[in-house]
Structure formats: C-alpha cells, structure tokens
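Descriptive analysis of the structure
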Amino acid sequence: MKNNAYLVFGFLALCWGMTFLFNKTASSLISPMQVVTVRVIMGFLPVLAFAMARKVLDWQHLRYVHHFIVMSLLAATVYYLAFAKGIALLPSSVAGMLSGVIPMFSFIAAAIFLRSEPVNIRSISGLLFGFAGVLIIAKPWESGTSGIDLMGVVYVAIGSGCVGLSFVYVRKFLSPLGISPIALCTYQLGLSALTLLLICDFSGMNGIFTNWKIATGLFIGLGMFGTGIAYMCYYFLIGKLGAVKTAGVTYIPPVIGLLTGSLILGEPVSATDIVATAMILSGVFIIQSGRTPPSSTNTTSSNVRAHNLPERA
C-alpha cells in the first residue's frame, strides 16, 4: 500500500506541476477570470461526487458558512485568480519557479498569527535565502522589455500570500470544528464556483474551443485533475504517509513548471534561473528544518490536526 501511496505522490506532483502549462496556454485564448471559473467548476464536480459518496456533507455545517466563505476566497477564488493573472503576464516557467515561495508565506503568516510557530535564526535565514532567489528571478533592477513583468510577480506573490494565510486560518478556526476535510474542500470550491459564476464576464469565452488541445488542458488537466482529483490525492496521501512526508510534494511542482515551460513552450531558462529556484526550495527546506518537532508520541496526530486533515482519508 505504501508503494501505491508513492505512486499517488508522484501523480499529485505532476498534476500540480502541469497547472502552470495549462494556465498559460488557456490564457492565450480567454481571460484569467474565465480560466479560473472553468478550473474551479471542473474541480468542484469530482470533489462533490466524492463527498456525497462518503456522506460527509451535513446541513448543520451551515452555521460555519462565514468560515467557508473566507476559505473560498483565500484558498480558491483570489488565490487561483492572482496566479492566473500572474501566469498570463509571466513565462509559465517563471511562475512555476516563483510558486515555490508558498511555504514561506505560510511560515510568515503562522509566525504572525500563531504563537506556537517557532521563529529562530535558522528559519529566518531560510526565509531570507529563499526570497533572495525570488529577487534573482524577478530581476527588479532590469527595466524595459528584457526584464520580467513585475506586476506578474506581484500577482504570484498575492496568490502565494493568500494560500499561505489560508493554512493559518484553517488551523485557527476550522481545525477545532472536526469537520471532514473533504467536506471543507467541497464547501470551499462550491462557494468559489458560485462567486465566480456571479462575477465572471463570459464574453468571448467560446474562444477556448478554437483549440481542442488547449481546451482539454483547461477542462481536464487544470480543472478536473489539477484541482479536483489533486485535492483527493492530497487527502489520500495524508492518510497513508502523514502530513510531514506529504508536504514534500510541494518541492516538485516548481521544477515541473520550469521544465514544461522550457521544453514544451520553448521559454528561455538560464542557469541563473535554475540556481534561483534551488535557492527558493533550499530556503523552504531550511525553514521546515528549523521548526521544533513535536514529541514522538504526538507527531502524526499534531501534524494532521495542523493541516486540518484526518489520519485516514
């Protein structure tokens, strides 16, 4: 069974890593808002079906709808939209490399809002090292057409900050409720889908069907697999490998994003970019290793509670 879990681990890393490619190609035909609307709706459908099959949805959960709305904004609507806007302005390889900062924003939010989060010289050093890698990629000192679009970098940073803050929100407000993570995910994506349906301008959206490959990448690759099925794989891995090992999957998508952008879209990637990506991921590793581990008897349960995920998916 553990071998199967590692296969799912690789599959999940691939799904998340390919989202940059699918996002980039779709943004050439439709707007970022339209891309995100399709992504969320297509991701919501398999999660809803799975939640109904598991019978984890409960009308009594409506008393916490205000928390679900916040999570739908932080971990879906604003997060996905900011990334889609950033990817539309940046090479997908660059956006993929920059996505490695998500755990850093999670650490910053936890350090500010959760007193239990240790802050020490090692974790701060990792943070500074990782952000140095971001600066090398963004190259704010370069101006003109040869430089990276800084607004695109800002959008990716906003999205990373939102999802980082969402982890802290879950730990502070949703973990104590004991609601199944599959149910939480269903409410989150469902409310996000409703929000996007209300605010999205659908004008010209049929342009996505002028290229069936791009349309398939958006509906199936980005939506169904990169969002919906990816969530279910993540919950499965938490149950089989635990939160700590599963968190390692976040190291792989930036590398896949870099490779797909370079090899498939032909985007230029320099040795400096590769070094900067290694700096970002190394910074994340240093931050994680700088955290004080819980006692051995409570390691698994505390990690699972921290991510609001059950020990069995």
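Residues numbered from 1 in each chain as written. Predicted model: local features only at pLDDT ≥ 70, side-chain atom pairs only at ≥ 80, totals over all residues. Heavy atoms only, no water.

Next up on the list: the overall build of the protein chain. In terms of regular secondary structure, the protein chain is built from 13 helices and zero strands. Ordered by position from the N terminus, the helices and strands of the protein chain form the series α-α-α-α-α-α-α-α-α-α-α-α-α. Every one of the 313 residues in the protein chain was classed for burial, and the buried ones make up 52%. Considering only contacts within the protein chain whose residues lie at least 6 apart along the sequence, 87% involve residues at least 24 apart. Total accessible area on the protein chain is roughly 14,500 Å²; 68% of this is exposed by carbon and sulfur atoms. (Helix = DSSP H or I, 4+ residues; strand = E, 2+ residues; numbered from the N terminus. Buried < 20%, exposed > 50% of the residue type's maximum accessible area, 1.4 Å probe, protein only. Contact = heavy atoms within 4.5 Å. Areas by Shrake-Rupley, 256 points an atom, 1.4 Å probe, with all protein chains shown as cover.)

Close contact between helix α2 (residues 32-54) and helix α9 (residues 212-241) brings their axes to 7 Å; oriented N to C, the two are set at 45°. By the criterion of interaxial angle, the relationship of α2 to α9 is oblique. Regarding α2 and α9, the two cross each other, and that crossing is right-handed. Across the interface between the two elements, V35, V38, R39, M42, G43, P46, V47 and F50 from α2 touch L218, F219, L222, G223, M224, G226, T227, G228, I229, Y231 and M232 from α9. Its residues assigned to classes, the contact of α2 with α9 shows 13 nonpolar, five polar and one charged. (Axes fitted to C-alpha atoms, helices over the stretch in contact; angles between N-to-C directions. Parallel < 35°, antiparallel > 145°, perpendicular 65-115°, else oblique. Left-handed = near helix turned anticlockwise from the far one by under 90°. Nonpolar A, V, L, I, M, F, W, Y, C, P; charged D, E, K, R; others polar.)

With that out of the way, let us pick up the environment of T216. Mapped onto the elements, T216 comes out in helix α9. Separated by 194 residues in sequence, T216 and F22 place their C-alpha atoms 9.0 Å apart.

L98 and L189 are the most contacted members of the largest nonpolar core, which totals 70 residues. Of all the elements, helix α3 (residues 65-89) adds the most residues to this core, at eleven residues. With residues up to four places along the chain from it excluded, the contact list for L189 reads V40, G43, F44, V47, A76, T227 and Y231. Among the nonpolar cores identified, the runner-up in size contains 15 residues, and L21, I30, I208 and A215 belong to it. (Core = buried A, V, L, I, M, F, W, Y, C linked by side-chain atoms within 4.5 Å.)

Along the chain, T260 falls in helix α11 (residues 253-263). At a separation of 3.2 Å, a polar atom in the side chain of T260 contacts the main-chain carbonyl oxygen of G257. If sequence neighbours within four positions are ignored, T260 has contacts with G17, M18, L21 and L265. (Polar contact = N/O pair within 3.5 Å; in protein donor to acceptor, adjacent residues only side chain to side chain.)

Our focus in this paragraph is a nonpolar patch on the surface. A grouping of W59, L62, V65, I69, L73, V78, L89, M151, V154 and I158 is seen on the molecular surface, where their side chains present a nonpolar patch of about 880 Å² in accessible area. Of all the secondary-structure elements, those providing two or more residues to the nonpolar patch are α3 and α7 (150-174). Looking at which element gives the most residues to the nonpolar patch, the answer is α3, with five residues. Along the chain, the position of I69 falls in helix α3. (Patch = residues over 30% accessible without salt bridge, like charges linked within 9 Å, V, L, I, M, F, W, Y side chains within 5 Å. Salt bridge = Lys/Arg side-chain N within 4 Å of Asp/Glu carboxyl O.)

Next up on the list: α7. Given a rise of 1.5 Å per residue, 25 residues ought to cover 36 Å, and the 35 Å separating the end C-alpha atoms of α7 matches this to within 8%. A distance of 2.9 Å separates the backbone nitrogen of M151 from a side-chain oxygen at the start of α7, and that oxygen is part of D149. (Expected span 1.5 Å × (residues − 1).)

Now for the packing of aromatic side chains. All told, the structure shown has ten aromatic pairs when counted by the stated rule. Taken together, the ring pairs connect W16, Y231, Y234 and Y235 into an aromatic cluster. Residue placement shows R39 over the ring face of Y80; its charged tip is 3.9 Å from the ring centre. (Phe/Tyr/Trp six-rings, centres within 6.5 Å; stacked < 30°, edge-to-face > 60°. Lys NZ or Arg CZ within 6 Å of the ring centre and 35° of its normal.)

Next up on the list: the packing of helix α8 (residues 181-199) against α9. Where α8 contacts α9, the two axes come as close as 11 Å, and the packing angle between them is 160°. For the element pair α8 / α9, the angle class is roughly antiparallel. Crossing handedness for the pair α8 and α9: right-handed. On α9, the residues touching P181, I182, C185, Q188 and L189 of α8 are T227, Y231 and Y235. A per-class count over the contact of α8 with α9 returns six nonpolar, two polar and no charged.

This paragraph deals with unusual backbone geometry. If you check the backbone angles, K55 has positive phi at about 55° while not being a glycine. As for its placement among the helices and strands, K55 is situated in the loop between α2 and α3. Residue class for K55 comes out exposed when judged on its relative accessible area of 74%.

Let us look at the confidence of the model for the protein chain. Of the residues in the protein chain, 88% reach a pLDDT of 70 or more, and the chain-wide mean stands at 85. Per-element confidence in the protein chain ranges from a low mean pLDDT of 36 for helix α13 (residues 299-306) to a high of 96 for α2. (pLDDT = per-residue confidence, 0-100.)

Looking now at the state of the cysteines. On inspection of all chains with the given rule, the structure shows zero disulfides. Free of any disulfide, C233 has its nearest cysteine sulfur in C15, 6.1 Å distant. (Disulfide = S-S within 2.5 Å.)

What follows covers the side chain of S106. As for its placement among the helices and strands, S106 is situated in helix α5 (residues 102-113). Those residues in contact with S106, other than ones at most four positions away along the chain, are G164, F167 and V168.

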